[in-house]
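# Tertiary structure, described
So you can see what is in the structure, the chains are spelled out below.
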Amino acid sequence: MATKRASQVKKSVWLTPGPVRGRRSPRAGEGGPGSLDREVIVAAAVRLLDEQGEAKFSMRGLAARLDVTPMSLYWYVADKDDLLELALDVVAGEMARPEVGDGSDWQAGLRALAVTWRAAMLAHPWAIRIHGDYLNIGPNSMRYSARALEIARSSPLSEADAMAALSAIFQYTYGFTATEVNWSEKAAEADGTTDDLIEEITEAVRTLPGVADSGVLIERPREPDHLLRERDFHRALDWLLIGMQSGLH
């Protein structure tokens, strides 16, 4: 999973007590208790991030969306980083937590964890781009992680193998989804679909010396790209789960 150096990782909002952290009280007209609350601010931030992405997101833009002054937001959050981390935990709250059961279908549980994580990130593409910048230890994220551990430990795998299985599932899901989001957004920037972008790239590189005869340009199945991605995601997930099962023998 992509991460930053330890010195660059943001200190978590969850590790600092209190929502205000020494900020002064807002003056009249700036907002404050009774006119805003952190839940409203974070929900608006998620909507704005969905619309414009994290690169264009700003506290000033959020304040305009809420029709308040920018300074009023700092009564509830210390800075933009805190707000982004809080928004990430809202996304984690959208991830379903599969039932643990008796452990007999632990592979289905691991698959469900991967599927719901990917779905949440596809619904909020900005989230996967900043996921590695934060510790992701908010309440929703921790509830999801706790359920993941329960499912892994319900399997016949040893403790060490169960932890390795979770790592494999999430490293794969993170990488697949990050690539998926990247292609989708590049296609959108070009005012087309991923199918259009792939076709354009194929035609562009076909004329490069040696490429046409190299075998790298394979004929793609005549299916929409999103269906191919869905099939490929589950096919590779199948192989991971089969490999885990084979390790029991």
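Remember, it's a predicted structure, so these values are computed and weren't measured experimentally.

### Looking at the overall build of the chain
From N to C terminus, the chain includes 10 helices and zero strands. Ordered by position from N to C terminus, the α and β elements of the chain give α-α-α-α-α-α-α-α-α-α. In the chain, buried positions account for 38% of the 249 residues. Counting contacts in the chain only where the partners sit at least 6 residues apart, residues at least 24 apart contribute 74% of the total. Within the structure as shown, the chain displays about 13900 Å² of accessible surface, and the carbon and sulfur contribution to it stands at 55%.

### Describing the UniProt feature "DNA-binding region" (unreviewed entry) in the chain
The sites that UniProt annotates as "DNA-binding region" (unreviewed entry) are residues 58-77. With 60% helix and 0% strand, residues 58-77 has end C-alpha atoms that lie 13 Å from one another.

### Thoughts on the side chain of R229
Relative to the elements of secondary structure, R229 occurs in helix α10 (residues 225-246). By relative accessible area, R229 is classed as buried at 18%.

### Brief notes about the pattern of salt bridges
A full pass over the atoms with the stated rule returns 10 salt bridges. One salt bridge in this structure joins D238 and R111, with 2.2 Å as the shortest N-O distance. On the criterion of sequence distance, the pair formed by D238 in helix α10 and R111 in helix α5 (residues 106-123) is long-range, its members being 127 residues apart. Relative accessible area serves as the criterion here: at 32%, D238 is assigned to the partly exposed category. Residue class for R111 comes out partly exposed when judged on its relative accessible area of 22%. Notably, a salt bridge pairs R147 with E150, separated by 3.1 Å at the nearest N-O pair.

Here is what the cut-offs are and how they apply
- Every residue gets a number counted from 1 within its own chain, in the order that chain's sequence is written.
- Thresholds applied to this predicted model are a pLDDT of at least 70 for local features of residues and 80 or more for the giving and counting of side-chain atom pairs; totals over whole chains, interfaces and linings are not thresholded and use all residues.
- For side-chain calculations, the full set of non-hydrogen atoms in the structure is used, while hydrogens and water are omitted.
- Counting from the N terminus, the helices are DSSP H or I runs at least four residues long and the strands are E runs at least two residues long.
- For the exposure calls, accessible area comes from a 1.4 Å probe over protein chains only, and a residue counts as buried if that area is under 20% of its type's maximum, exposed if over 50%, partly exposed in between.
- We call two residues in contact when some of their heavy atoms are within 4.5 Å.
- The method behind every accessible area is Shrake-Rupley, applied with a 1.4 Å probe, and residues are considered shielded solely by the protein chains displayed.
- UniProt positions are given in the numbering used here, feature names are shortened, and annotations may be inferred rather than shown by experiment.
- A side-chain nitrogen of Lys or Arg and a carboxyl oxygen of Asp or Glu constitute a salt bridge if their distance falls within 4 Å.

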